[in-house]
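Examining the three-dimensional arrangement
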Amino acid sequence: MRIFVTGASGWIGSAVVPELIGAGHQVLGLARSDASATAVADLGAEVLRGDLNDTGVLRAGALDSDGVIHLAFVVPSVTEAATRTDAAAIEAFTAGLAGSGKPLVVSGATLVTPGRVATERDELIAAGPVAARITNMRAALAAADRGVRTSLVMLPRSVHGRGERHGFIPQLIAAARAKGVCGYLGDGAGRWPAVHVKDAARLYRLAVERAPAGAVLNAVGDEGVPVREIAEAIGRHLNLPARSLPAEEFGGMLIRLLSTDMPASSTITQDLLAWKPTHPGLIEDIEQGHYFS
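Residues numbered from 1 in each chain as written. Predicted model: local features only at pLDDT ≥ 70, side-chain atom pairs only at ≥ 80, totals over all residues. Heavy atoms only, no water.

- With an unreviewed UniProt entry as reference, the protein is termed SDR family oxidoreductase, source organism Streptantibioticus silvisoli.

**Brief notes about unusual backbone geometry**
- For Asn 239, which is not glycine, the phi dihedral falls at a positive 55°.
- Along the chain, Asn 239 falls in the loop between helix H8 (227–238) and strand E12 (242–244).
- The backbone of Ala 274 sits at a positive phi, close to 55°, despite the residue not being glycine.
- The topology assignment puts Ala 274 in the loop between helix H10 (267–273) and helix H11 (282–287). (Helix = DSSP H or I, 4+ residues; strand = E, 2+ residues; numbered from the N terminus.)

**Describing the environment of Lys 276**
- Looking at where Lys 276 falls in the secondary structure, it is placed in the loop between H10 and H11.
- As for Lys 276 and Leu 203, which are separated by 73 residues in sequence, their C-alpha atoms are 8.9 Å apart.
- Apart from residues no more than four positions distant in its own chain, Lys 276 is found in contact with Asp 199, Arg 202 and Gln 270. (Contact = heavy atoms within 4.5 Å.)

**As for the pairing of strand E10 (residues 215–218)**
- Alternating residues of E10 divide into Ala 215 and Leu 217 and Val 216 and Asn 218, and every residue in both groups is buried.
- Summarising the sheet, strand E6 (residues 149–155) and E10 pair through 4 bridges and their orientation is parallel. Across the sheet, Ser 151 pairs through a bridge with Ala 215, a residue of E10. (Buried < 20%, exposed > 50% of the residue type's maximum accessible area, 1.4 Å probe, protein only. Pairing = 2+ DSSP bridges.)

**Quick look at the pattern of salt bridges**
- Under the defined criterion, the tally for this structure stands at 13 salt bridges.
- Of the charged contacts in the structure, one is a salt bridge between Glu 80 and Arg 84, with a shortest N-O distance of 3.0 Å. One end of the pair is Glu 80 and the other is Arg 84, both in helix H4 (residues 80–97) and 4 residues apart, which spans about a single turn. The residues Glu 80 and Arg 84 share a single accessibility class, namely exposed.
- Its salt-bridge partner being Arg 202, residue Asp 199 comes within 3.3 Å of it at the nearest N-O pair. One end of the pair, Asp 199, and the other, Arg 202, are both in helix H7 (residues 197–210), 3 residues apart, so they sit about a helical turn from each other.
- Assessed through its relative accessible area of 1%, Asp 199 is described here as buried.
- Here the salt bridges do not stand alone but share partners, grouping Arg 2, Glu 46 and Asp 64 into one network. (Salt bridge = Lys/Arg side-chain N within 4 Å of Asp/Glu carboxyl O.)

Structural data, given as structure tokens:
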């Protein structure tokens, strides 16, 4: 297959592209800058210059391919402008693939279901700060009615691995170094789902190859890692104590992430696509020490 990938030079894209090429696929990677174009080419993919606002380029890329994996997003991804851009991009892909039965794989985030573990069968309800992104995901799934084999890959809060520089684990490490303590909120019992980036990349490949239309896939390796255990693992490497800190010690999104219990299961995904995470879990990955070099 010839697969068009947005976000090909990003953290997850830089794992997805080699995974696809290693399985015998050709990759067309979207690049918005010279640096991104060089990175995409170095991964072994063909480069298509443009960004998510170039809907004509996006549609052309979809028309020129056997499927699309949509990884790119505008930062911060929950702003009105970002979600409008994402909606227009999904519509461009849908228009380019309509009636073909070709795959469109769109990225989302695992859901939060208070009091229980989230699963792939939970309803996508457009509410809260991510309501617009949920609406976009629902629109992507509705493209199945237009002859597009759409699926969603729902990513957990931590997509970890060697080379990660901007995710939540590097943020926690930076905060610990600055404060001299590895902090968590409350009793630290809130759980994060997590996945190794290479396991996530394999799931994207399986999704574009054979996920059925309308499938919601949870890219989850660790169902739920308590944030206190994350803080303690970081503390062991930095030789710093791990302890509860008041909320004002944390900024922005970290307050919600550290205070919310959000475990998620991938049992249905594993059964559907014979996908099984094989790379290190989050705590093991932190213990390997590459985050601290």
